[in-house]
Number of protein chains: 2
Amino acid sequence: MPAGTVLDLGKFQESERRLTPQRQAVLKAFLELSQEHPTAEAIYQAARRHCPTVGIATVYRSLDLFVQMGLIQKVPSLNGTARYETQKVPHNHFVCLKCGRIYEFDKRPVVDKNIEKEGFEVISSSTVCFGYCPACRQ
Amino acid sequence: MPAGTVLDLGKFQESERRLTPQRQAVLKAFLELSQEHPTAEAIYQAARRHCPTVGIATVYRSLDLFVQMGLIQKVPSLNGTARYETQKVPHNHFVCLKCGRIYEFDKRPVVDKNIEKEGFEVISSSTVCFGYCPACRQ
DNA sequence: GTGATTGCAAAGGTTTTGCAGTAAC
DNA sequence: GTTACTGCAAAACCTTTGCAATCAC
């Protein structure tokens, strides 16, 4: 895999999807920000630096597409603003109840085989902690 | 604790908060539905049966208050619609990616002491699984 | 050329807010 | 009598959608 390539873009060629400049800009923006679990708005701002004419609707459509393709993942939110992150299963989060920032901490796989026996299909699992981050504690 | 009482309402007397008929209706509605991790809208509909004049804004304000008081808990969502549940720490969820319903499965405490050393204050933690529930798999 | 994709603007859904009136203590 | 609380309607916010124009293949 070439240096700098984190996502498997071959999936575009395999499908009938097009890797347009807008989608590239959204992907690039996402990769730049992926450490901080960016919101759609943050990705939009960053994407406009690569493709100044891109619209917010295209950003949402692209992100949905990437989620659907399994390239990235949507993180559930407490305040109604979705965040996105790289596809890592399992992964563990700390969500700050005040600022909403998401931090990642060391992996600690937790899988429960029982619920699959009950007919649930588990795609991914993660452990989430809620509380206050160092910046918000003072 | 009297039968049927699940939440600690003494917290109302301790504070200068008032336990109005509207708030009682919201609490009652929440308790009726707590098994299914209700949305604010569902709680609103149920609360109107107990207090027909209650407004949706009051429902939101009450739920926020209960969360703040630690009586109930808000569940992060993927689709922008919050859900509420009883305060249980830790608790484990299965979130259906299709219908958004939340199922609870057996407790399996996962705590990471390391992140507290780094300055994070952990209020609660839970393990979340994403996938498809039995009803949505066909 | 054809069909997927885009940008815009409008609509959608959920939640919050301002404010005058009301009710709990 | 105070002060917290309420209902209403409007606003705020995030996200999705319809559609004509455009672009990638």
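Per an unreviewed UniProt entry, chain A carries the name Transcriptional regulator PerR and comes from Moorella mulderi DSM 14980. The Sequence similarities (unreviewed entry) comment attached to chain A in UniProt states, word for word, "Belongs to the Fur family."

### Considerations on the overall build of chain A
Per the secondary structure count, chain A includes 6 helices and 5 strands. Starting at the N terminus, the α and β elements of chain A follow one another as α-α-α-α-β-β-β-β-α-β-α. Counting only contacts in chain A whose residues sit at least 6 apart along the sequence, the fraction spanning at least 24 positions is 48%. In the form shown here, chain A has an accessible surface area of approximately 7,600 Å², with 50% of it arising from carbon and sulfur atoms.

### Brief notes about the pattern of salt bridges
All names here are of chain A. Tallying each qualifying case throughout the model produces 2 salt bridges over all chains. Ionic pairing is found between Arg-49 and Glu-32, a salt bridge with its closest N-O pair at 4.0 Å. Pair noted here: Arg-49 is in helix H3 (residues 40–50) and Glu-32 is in helix H2 (residues 21–33), with a separation of 17 residues, a long-range link. By relative accessible area, Arg-49 is classed as exposed at 63%. Accessibility expressed as a relative area gives 42% for Glu-32, which makes it partly exposed.

### As for the side chain of Arg-83 of chain A
Turning to its location among the elements, Arg-83 of chain A is positioned in strand E2 (residues 83–86). At 2.8 Å, the side chain of Arg-83 of chain A and the backbone oxygen of His-37 of chain A are in polar contact.

### Observations regarding the protein's contact with DNA strand D
Around DNA strand D, the surrounding shell holds 21 residues, and the nearest of these are Tyr-60 of chain A together with Thr-20, Arg-23, Thr-58 and Arg-61 of chain B. Considering DNA strand D, the proportion of its atoms within 4 Å of the protein that are sugar or phosphate atoms stands at 73%. Take Arg-23 of chain B: an N or O atom from its side chain is 2.6 Å from a phosphate oxygen of DNA strand D. Between DNA strand D and the protein, one listed contact pairs a phosphate oxygen with a side-chain N or O atom of Thr-58 of chain B at 2.5 Å. Contributing elements (two or more residues each) for the surface near DNA strand D: helix H4 (56–69) of chain A together with helix H2 (21–33) and helix H4 (56–69) of chain B. If one sorts the elements of the surface near DNA strand D by residue count, H4 of chain A sits on top with 4 residues. Partitioned by chemical class, the residues of the surface near DNA strand D number 7 nonpolar, 7 polar and 7 charged.

### Section: the UniProt feature "binding site: Zn(2+)" (unreviewed entry) in chain A
All names here are of chain A. In the numbering adopted here, UniProt assigns the feature "binding site: Zn(2+)" (unreviewed entry) to Cys-96, Cys-99, Cys-133 and Cys-136. Summarising the element assignment, Cys-133 is placed in the loop between strand E5 (121–132) and helix H6 (134–137). Given a relative accessible area of 0%, Cys-133 falls into the buried group.

### Quick notes on the packing of H2 of chain A against H4 of chain A
Residues and elements named next belong to chain A. Look at H2 against H4: their axes get within 10 Å of each other, and the N-to-C directions meet at 75 degrees. Overall, the two elements H2 and H4 adopt an arrangement that is roughly perpendicular. The segment H2 lies against H4, with Gln-22, Arg-23, Val-26 and Leu-27 engaging Thr-58, Val-59, Ser-62, Leu-63, Leu-65 and Phe-66. Looking at the contact of H2 with H4 residue by residue, the classes come out as 6 nonpolar, 3 polar and 1 charged.

### Considerations on helix H3 (residues 40–50) of chain B
Among the residues making up H3 of chain B, those that are buried are Ala-40, Ile-43, Tyr-44, Ala-46 and Ala-47 of chain B. Structurally, H3 of chain B contributes buried residues whose contacts are with H2, H4 and strand E2 (83–86) of chain B.

### Describing the side chain of Thr-86 of chain A
Structurally, Thr-86 of chain A is set in strand E2. When sequence neighbours within four positions are dropped, the list of residues in contact with Thr-86 of chain A reads Phe-30, Ser-34 and Gln-73 of chain A.

### A word on the protein's contact with DNA strand C
For DNA strand C, the set of nearby residues contains 21 residues, the closest of which are Arg-18, Thr-20, Arg-23 and Thr-58 of chain A together with Tyr-60 of chain B. A breakdown of the atoms of DNA strand C within 4 Å of the protein gives sugar and phosphate a share of 68%. Note that a base nitrogen of DNA strand C is positioned 2.7 Å from one of the side-chain N or O atoms of Arg-61 of chain A. The side chain of Arg-61 of chain B places a nitrogen or oxygen atom 3.5 Å from a base oxygen of DNA strand C. Counting only elements with at least two residues in the surface near DNA strand C, the list comes to H2 and H4 of chain A together with H4 of chain B. Across the surface near DNA strand C, the residue classes break down as 7 nonpolar, 7 polar and 7 charged.

### Here we look at the nonpolar core
Val-26, Ile-43, Val-59, Leu-63, Phe-66, Ile-72 and Tyr-84 of chain B are the most contacted members of the largest nonpolar core, which has 22 residues in total. In terms of residue count, the dominant contributor to this core is H2 of chain B (6 residues). Phe-30, Leu-33, Leu-71 and Tyr-84 of chain A belong to the second largest nonpolar core, which has 21 residues in total.

Calculation notes
Residues numbered from 1 in each chain as written. Chains lettered and ligands numbered in written order. Predicted model: local features only at pLDDT ≥ 70, side-chain atom pairs only at ≥ 80, totals over all residues. Heavy atoms only, no water. UniProt positions renumbered as here; feature names shortened; annotations may be inferred. Helix = DSSP H or I, 4+ residues; strand = E, 2+ residues; numbered from the N terminus. Contact = heavy atoms within 4.5 Å. Areas by Shrake-Rupley, 256 points an atom, 1.4 Å probe, with all protein chains shown as cover. Salt bridge = Lys/Arg side-chain N within 4 Å of Asp/Glu carboxyl O. Buried < 20%, exposed > 50% of the residue type's maximum accessible area, 1.4 Å probe, protein only. Polar contact = N/O pair within 3.5 Å; in protein donor to acceptor, adjacent residues only side chain to side chain. Near = heavy atom within 4 Å. Nonpolar A, V, L, I, M, F, W, Y, C, P; charged D, E, K, R; others polar. Axes fitted to C-alpha atoms, helices over the stretch in contact; angles between N-to-C directions. Parallel < 35°, antiparallel > 145°, perpendicular 65-115°, else oblique. Core = buried A, V, L, I, M, F, W, Y, C linked by side-chain atoms within 4.5 Å.

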